[in-house]
Amino acid sequence: IEPRLTFQWLSPYDHDAKIVQIDYGVDNLPSGTMTINYSLTNRLLARRKTGAGPGVVTDLLGVTISQSRYSEASAAQADPNYPSATTGSYSAVQIAARVSPTDRLTGTFQTFIDPKFKKPQQFSAAASIMRSTSRITAVWSKTQYIRGSDSVYGYPESAAHSLGGGVTIQPA
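This is a predicted model, so every value here is computed, not measured.

Participant: What's the story with the overall build of the protein in this structure? I'm lost.
Facilitator: For the protein, the helix and strand inventory stands at 2 helices and 8 strands. Ordered by position in the sequence, the α and β elements of the protein form the string β-α-β-β-α-β-β-β-β-β. Projected onto its principal axes, the C-alpha coordinates of the protein cover approximately 60 × 40 × 35 Å. A buried classification covers 25% of the 172 residues belonging to the protein. Here the analysis covers contacts within the protein between residues at least 6 apart in sequence; of these, 45% occur between residues at least 24 apart. Counting only carbon and sulfur atoms, one obtains 59% of the accessible surface of the protein, whose full area is about 11,200 Å². A gap of 15 Å separates the mean positions of the 16 positive and 12 negative side-chain charges of the protein.

In structure tokens, the structure reads:
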């Protein structure tokens, strides 16, 4: 179990209007604010054989729950770590899981839970199968409609559901 707590402080800067907006996730962050990021990660490790040598310890399963707290609500509008801005002092709660039952098969799942309405904003999952010369990936995502929300999730037309995938082949 790995708890993590980080503090980020952006010093006050009175000339925000002079910043050239190149990278939204960096140049839009309001100055004079503190962000506290906290998370808890739980890992299940496995020792896997690799030929005749000693086994290698790898993650079999990892689950992380995280959230951010902002000293100013305006910082939540520009945090690049979350898919959508929130209007309060807290980010969405992110729950992420990754499973690797073998070296060639991986799966991930992620959801963001609205801090005010306590409902999922969106879900995503992906799975990959890797071979020596190829990789097959499938991806699913769903964006929810949350009645009463004042973020992007408060509009029925923002709800979406998608399924995708890809194949990568490399010469041997």
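Participant: Looking at this structure, I do not really get the packing of aromatic side chains. What am I missing?
Facilitator: In total, this model carries 2 aromatic pairs according to the counting rule given. With centroids separated by 6.3 Å and ring planes inclined at 35 degrees, the aromatic side chains of Phe109 and Phe123 adopt a geometry described as tilted. One end of the pair, Phe109, is in strand 5 (residues 105-113); the other, Phe123, is in strand 6 (residues 120-130), and 14 residues separate them in sequence. Measuring from ring centre to ring centre gives 6.3 Å for Phe123 and Trp140, while their planes differ by 25 degrees; the resulting arrangement is stacked. Of this pair, Phe123 sits in strand 6 while Trp140 is found in strand 7 (residues 134-143), placing the two residues 17 residues apart along the sequence. Feature note: the residues Phe109, Phe123 and Trp140 constitute an aromatic cluster, connected by ring pairs. The ring of Tyr90 carries Arg69 above its face, with NZ or CZ at 5.1 Å from the centroid.

Participant: Please clarify how the side chain of Ser39 should be interpreted in this entry.
Facilitator: The residue Ser39 is located in strand 2 (residues 33-48) in this model. Sequence-distant contacts of Ser39, that is, excluding residues within four places in its chain, are made with Glu2, Pro3, Arg4, Thr64, Ile65 and Ser66.

Participant: Explain the pattern of salt bridges to me, please; I cannot follow it from the model alone.
Facilitator: Side chains carrying opposite charge are able to pair once their charged atoms draw close together. Summed over all chains, the structure comprises 3 salt bridges. Salt-bridge contacts for Glu2 lead to Arg43; the nearest nitrogen and oxygen are separated by 2.7 Å. One end of the pair, Glu2, is in strand 1 (residues 2-10); the other, Arg43, is in strand 2, and 41 residues separate them in sequence. Residue class for Glu2 comes out partly exposed when judged on its relative accessible area of 31%. Taking the relative accessible area as the measure of exposure, Arg43 reaches 37% and is therefore partly exposed. Taking the shortest distance from any N to any O, the salt bridge between Asp59 and Arg43 comes out at 2.8 Å. Residue Asp59 is located in strand 3 (residues 56-70), and its partner Arg43 is located in strand 2; the two are separated by 16 residues in the primary sequence. Accessibility expressed as a relative area gives 32% for Asp59, which makes it partly exposed. The network of salt bridges with shared partners includes Glu2, Arg43 and Asp59.

Here is what the cut-offs are and how they apply
Residues numbered from 1 in each chain as written. Predicted model: local features only at pLDDT ≥ 70, side-chain atom pairs only at ≥ 80, totals over all residues. Heavy atoms only, no water. Helix = DSSP H or I, 4+ residues; strand = E, 2+ residues; numbered from the N terminus. Buried < 20%, exposed > 50% of the residue type's maximum accessible area, 1.4 Å probe, protein only. Contact = heavy atoms within 4.5 Å. Areas by Shrake-Rupley, 256 points an atom, 1.4 Å probe, with all protein chains shown as cover. Lys, Arg positive; Asp, Glu negative; His and termini not counted. Charge placed at Lys NZ, Arg CZ, Asp CG, Glu CD. Phe/Tyr/Trp six-rings, centres within 6.5 Å; stacked < 30°, edge-to-face > 60°. Lys NZ or Arg CZ within 6 Å of the ring centre and 35° of its normal. Salt bridge = Lys/Arg side-chain N within 4 Å of Asp/Glu carboxyl O.

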